[in-house]
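Letter by letter, the chains look like this.
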Amino acid sequence: MIEWLSPTMVLLASTPLIGLLRGHFRATVILVAPLISLWLVWQVPDGVVMALSFFEYRIEPIEGSALRRLFATIFALMTFVGGLYAFRQSRWYEIAAGYVYAAGAIGVCFAGDLITLFIYWELMALFSTIVIWCGGTSAARQAGIRYATMHLLGGTILMIGIISLALESGSVDIVPLRASDFSTWMILIGLLVNVAAPPVSAWLADAYPEASPTGSVFLSAFTTKTAVFTLILMFPGEPILIPVGLYMVMYGIIYALLENDARRILAYSIVNQVGFMVCAIGIGTELALNGAAAHAFAHIIYKALLFMSAGVVVYRTGISKCTDLGGLFRTMPITMVCGVIGALAISGFPLTSGFTTKTMISQAAANESLVAVYFLLAAASAGVFLHAGIKFPWFVFFQKDSGLRPKDAPWNMSAAMILFAALCIFIGVFPELLYRHLPYAVDFNAYTPTKVIYYLQLLMFSGLAFFLLLPLMRRTRTISLDIDWLWRVALVALSRNLSSWVQATTVHLNTRRVRWLGQFNERPSELGYVTRKQKVLRIDLWRNWSIGSTALWIAVLLISYVAIYVT
Amino acid sequence: MVGSIKDDHWLERPKTIKRLWYGFVILLLLSVVAQLFIGGKGYFGIDGWIGFGAGFGFLACVVMVITAKILGKVLKREESFYGESDD
């Protein structure tokens, strides 16, 4: 029965306790459950641990491998540090939701088949939405609804792909695929929605910064990285992923440069960093896949660290706009130093974790003679330093004196940040400890003099560019339009116009009908005149079209597709 | 005292900032000069040139900042554009 005691189940079982217990008992559960889960991750052996049958399909809820354990390790560790960061400040239900969300991510890591994977996938979508709603503002509620709509849509596309693949091949095993037919394309698109690939990249920066300071730390870690993990398993070497990744890399930089909200800058830089991983998966060699996995591992640590640092600022001041911040280094030294370490790590400075993992991806591109990819990734590395490495700490902690003198982080938040800051440097100094656990044998040394000098030049001269171009980067109180404008504004306007046009036509036709059928002594309203009350009701239905009706249409399409396919 | 109204933190003094700039420029030069001693070729020839990383990094940043600036003219909107109060 020991196999039932999976890392996922332990975390799931802890969540009711978090709600039921109080005080020290609750704190103990919050801190101990992820550690037990982490220990259990390392007890999962290679291969399928348990199998059940579900109709004619073989379900494998737990399957182990080096790659699976690597991702599950960082997710469990992230849960612990997230719990440590949050347990004295967050409401219990936010932490509980965060833990179910994390359990879903670990569940995906060990899912041996597509059905299990899909169940945990949806669990994550559901509970990450709750974490966003825990932001508590009306903006958080609305962003949560948009986020949920996007992820349910992505989940449905994934489900269509899984069902049709299962019907075609008779198996729900997770095997490497190529996007070549309907089912594999649907699966790929479903996965790409979760990595924030174009054209739906906007969901990430729309939703994450609306969560609470503690909630956004959880959010930064799981959704995109489980999707990266699944892409490594299912689409290694899929050529389309290279341009998709490069787009994400550049998109993240440009939007982060335009952004004023500190946490939104970090959210855009998630898209940027995940772009590096997606591109590496597209390259698909052993070195590239190792690079993607290692970079995901390092990324979760420094990105959570950056979100924690920004979170402390928001927690202490209630402000996240760069225009209103500045000069906080005076009273928040711990938060500032941890934020700077995270910023150096994300930029890939030598002796930080980012350097030891990002160089793997560049080397993989060079080995395959992908000249354009190599130079674009190098340019992007410079851009990362520009938008996250300097811009974030500069505008938050230095820049000008905003007059704010907040206290530094509470002890538990400091402890969480210091732990992850230390890990950023530890992995940077002893990369072999991470390399040893990568899916393929590693024959790679990041610290050759050529690479170190090349990156130092690249990054330091980006720094020079930043300070010389500072007048061009003055923050403005603005947001930036994204492709989601199409469904947030254009589609809504179109549906409203369409609805009023339909109404006008109906009324017009009915007026003529009334005139023609004048001999019948009927009251106009019975003939189709829309009363005011009905009109309001109809407009309301149209207004909700994008959410309610989309789900309905997808269900109808899905059922008809399956029906056609089966017959 | 840190945090007094009249701001006199040592990091904010013009003298310190000047010194930081000098230090930074020296580091920049060192990073280029160091390349003379370690030799080493790039992957594609051109990236092995002396100071390639420096020039490429600088130019890439200039291009990205200007691209963002131009795109910003088209994409930037008031914070209330989507009709949500942000706080």
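Residues numbered from 1 in each chain as written. Chains lettered and ligands numbered in written order. Predicted model: local features only at pLDDT ≥ 70, side-chain atom pairs only at ≥ 80, totals over all residues. Heavy atoms only, no water.

A closer look at the overall build of chain A
Here comes step 1: Each helix and strand counted, chain A has 22 helices and three strands in total.
Here comes step 2: Computed over its C-alpha atoms, the radius of gyration of chain A comes to 25 Å, within 12% of the 24 Å expected for a compact globule of 567 residues.
Here comes step 3: Burial statistics for chain A: of 567 residues in total, 60% are counted as buried.
Here comes step 4: Taking the intrachain contacts of chain A between residues at least 6 apart in sequence as the baseline, contacts between residues at least 24 apart amount to 81%.
Here comes step 5: When the 38 basic and 28 acidic side-chain charges of chain A are each reduced to a single mean position, those positions are 15 Å apart. (Helix = DSSP H or I, 4+ residues; strand = E, 2+ residues; numbered from the N terminus. Rg over C-alpha atoms; globule rule 2.2 N^0.38 Å. Buried < 20%, exposed > 50% of the residue type's maximum accessible area, 1.4 Å probe, protein only. Contact = heavy atoms within 4.5 Å. Lys, Arg positive; Asp, Glu negative; His and termini not counted. Charge placed at Lys NZ, Arg CZ, Asp CG, Glu CD.)

A word on the pairing of strand 2 (residues 57–64) of chain A
All names here are of chain A.
Here comes step 1: Strand 2 sits mainly inside the fold: seven of its eight residues count as buried.
Here comes step 2: As defined by bridge partners, strand 1 (residues 47–54) adjoins strand 2 across six bridges and the pair is classed as antiparallel. The partner of V48 across the bridge, within strand 2, is E63.
Here comes step 3: In this structure, the hairpin formed by strand 1 and strand 2 is closed by a connection of two residues, where F55 is found at a positive phi of approximately 50°. (Pairing = 2+ DSSP bridges.)

So, the interface of chain A and chain B
Here comes step 1: Contact with chain A, which involves 57 residues of that partner, is made by 50 residues of chain B.
Here comes step 2: Around 4,900 Å² of area is buried between chain A and chain B when both sides are counted, 71% of it from carbon and sulfur atoms.
Here comes step 3: Two residues, E79 of chain B and K321 of chain A, come together in a salt bridge whose shortest N-O distance is 3.6 Å.
Here comes step 4: Summed over the shared surface of chain A and chain B, the result is eight residue pairs in polar contact (both at pLDDT 80 or more). (Buried area = accessible area lost by both parts, 1.4 Å probe. Salt bridge = Lys/Arg side-chain N within 4 Å of Asp/Glu carboxyl O. Polar contact = N/O pair within 3.5 Å; in protein donor to acceptor, adjacent residues only side chain to side chain.)

Examining the packing of helix 7 (residues 182–194) of chain A against helix 10 (residues 223–234) of chain A
All names here are of chain A.
Here comes step 1: The contact between helix 7 and helix 10 brings their axes to 8 Å, and the two run at 150°. Classified by the angle their axes make, helix 7 and helix 10 are roughly antiparallel. Crossing of helix 7 against helix 10: the hand is left-handed. Along its contact with helix 7, which presents I187, L188, L191, L192 and N194, the element helix 10 presents T223, T224, A227, T230, L231 and M234.
Here comes step 2: Partitioned by chemical class, the residues of the contact of helix 7 with helix 10 number seven nonpolar, four polar and no charged. (Axes fitted to C-alpha atoms, helices over the stretch in contact; angles between N-to-C directions. Parallel < 35°, antiparallel > 145°, perpendicular 65-115°, else oblique. Left-handed = near helix turned anticlockwise from the far one by under 90°. Nonpolar A, V, L, I, M, F, W, Y, C, P; charged D, E, K, R; others polar.)

Some thoughts on the environment of L35 of chain A
Residue and element names in this part refer to chain A.
Here comes step 1: Structurally, the position occupied by L35 is in helix 2 (residues 23–41).
Here comes step 2: Assessed through its relative accessible area of 40%, L35 is described here as partly exposed.
Here comes step 3: Each C-alpha atom of the pair L35 and V452 lies 36 Å from the other, and the pair is 417 residues apart in sequence.

Observations concerning the nonpolar core
Residue and element names in this part refer to chain A.
Here comes step 1: Within the largest apolar cluster, 207 residues are counted, with the highest numbers of intra-cluster contacts made by F71, V195, F222, L231 and F235.
Here comes step 2: Looking at which domains feed residues into this core, each of domain 1 (1–204) and domain 2 (236–482) supplies at least three.
Here comes step 3: Beyond its immediate chain neighbours, meaning those up to four positions away, F222 contacts F75, M78, T79, Y101, A102, A105 and M124. (Core = buried A, V, L, I, M, F, W, Y, C linked by side-chain atoms within 4.5 Å. Domains from an automatic or database assignment.)

Topic: the confidence of the model for chain B
Residues and elements named next belong to chain B.
Here comes step 1: Within chain B, residue pLDDT values average 82, and 86% of them lie at 70 or more.
Here comes step 2: By mean pLDDT, strand 1 (residues 76–78) is the weakest element of chain B at 87, and helix 2 (residues 52–75) is the strongest at 92.
Here comes step 3: Low confidence marks residues 1–5, where pLDDT is under 50. Its contacts with residues over four positions away, or in another chain, come to four contacts. (pLDDT = per-residue confidence, 0-100.)

Regarding the layout of surface pockets
Here comes step 1: Space inside the largest pocket adds up to approximately 950 Å³.
Here comes step 2: What lines the largest pocket is a set of 25 residues, among which I390, W394, F398 and F467 of chain A together with L20 of chain B lie closest to the centre.
Here comes step 3: The greatest single-element share of the lining of the largest pocket, amounting to seven residues, is contributed by helix 1 (residues 14–38) of chain B.
Here comes step 4: Partitioning the lining of the largest pocket into residue classes produces 19 nonpolar, four polar and two charged. (1 Å grid on protein atoms, 1.4 Å probe; cavity = no way out; pocket = protein on both sides within 12 Å on 5 of 7 lines; lining within 4 Å. Points joined across faces, edges and corners; volume = space filled by probe spheres on them.)

Looking at the packing of helix 19 (residues 449–468) of chain A against helix 1 of chain B
Here comes step 1: Across the interface, helix 19 of chain A lies against helix 1 of chain B with an axial gap of 10 Å and an inter-helix angle of 150°. Considered as vectors, helix 19 of chain A and helix 1 of chain B are oriented roughly antiparallel to each other. Helix-helix and strand crossings are classified by hand; for helix 19 of chain A and helix 1 of chain B the assignment is left-handed. In contact with P449, T450, I453, Q457, M460, F461, G463, L464 and F467 of chain A of helix 19 of chain A, helix 1 of chain B contributes W21, F24, L27, L28, S31, V32, A34, Q35 and I38 of chain B.

Quick look at helix 15 (residues 353–367) of chain A
Residue and element names in this part refer to chain A.
Here comes step 1: Under the 1.5 Å per step criterion, the end-to-end length of helix 15 is 22 Å for 15 residues, consistent within 8% with the ideal 21 Å.
Here comes step 2: Within helix 15, 14 of the 15 residues are buried, which leaves the element mostly enclosed by the surrounding structure.
Here comes step 3: S369 lies just past helix 15 and shows a positive phi near 55°. (Expected span 1.5 Å × (residues − 1).)

Things to note about the domain arrangement of chain A
Residue and element names in this part refer to chain A.
Here comes step 1: By the assigned domains, chain A splits into domain 1 (1–204), domain 2 (236–482) and domain 3 (485–566).
Here comes step 2: Facing the 15 residues of domain 1 at the interface are ten residues of domain 3.
Here comes step 3: Carbon and sulfur atoms make up 82% of the surface buried where domain 1 meets domain 3, a total of about 1,000 Å² over both sides.
Here comes step 4: For the pair domain 1 and domain 3, the interface holds zero salt bridges.
Here comes step 5: For the interface between domain 1 and domain 3, the tally reads zero residue pairs in polar contact (both at pLDDT 80 or more).
Here comes step 6: Considering every element that reaches the side of domain 1 that touches domain 3, the biggest residue donor is helix 6 (residues 138–169), with twelve residues.
Here comes step 7: Of the residues assigned to the side of domain 1 that touches domain 3, the class counts are ten nonpolar, three polar and two charged.

Concerning the pattern of salt bridges
Here comes step 1: Scanning the entire structure with this criterion turns up eleven salt bridges over all chains.
Here comes step 2: The structure contains a network of salt bridges with shared partners spanning R146, D206, D484 and R488 of chain A.

Overview of unusual backbone geometry
All names here are of chain A.
Here comes step 1: With an omega dihedral of 5°, the bond running from P198 to P199 counts as a cis peptide bond.
Here comes step 2: Considering the arrangement of structural elements, one finds P199 in the loop between helix 7 and helix 8 (202–207).
Here comes step 3: Even without being glycine, A196 reaches a positive phi, approximately 65°.

A few points about the side chain of H151 of chain A
Here comes step 1: When you line up the elements, H151 of chain A lands in helix 6.
Here comes step 2: If we skip the residues at most four places from it in the chain, H151 of chain A touches A125, N194, W203 and T223 of chain A.

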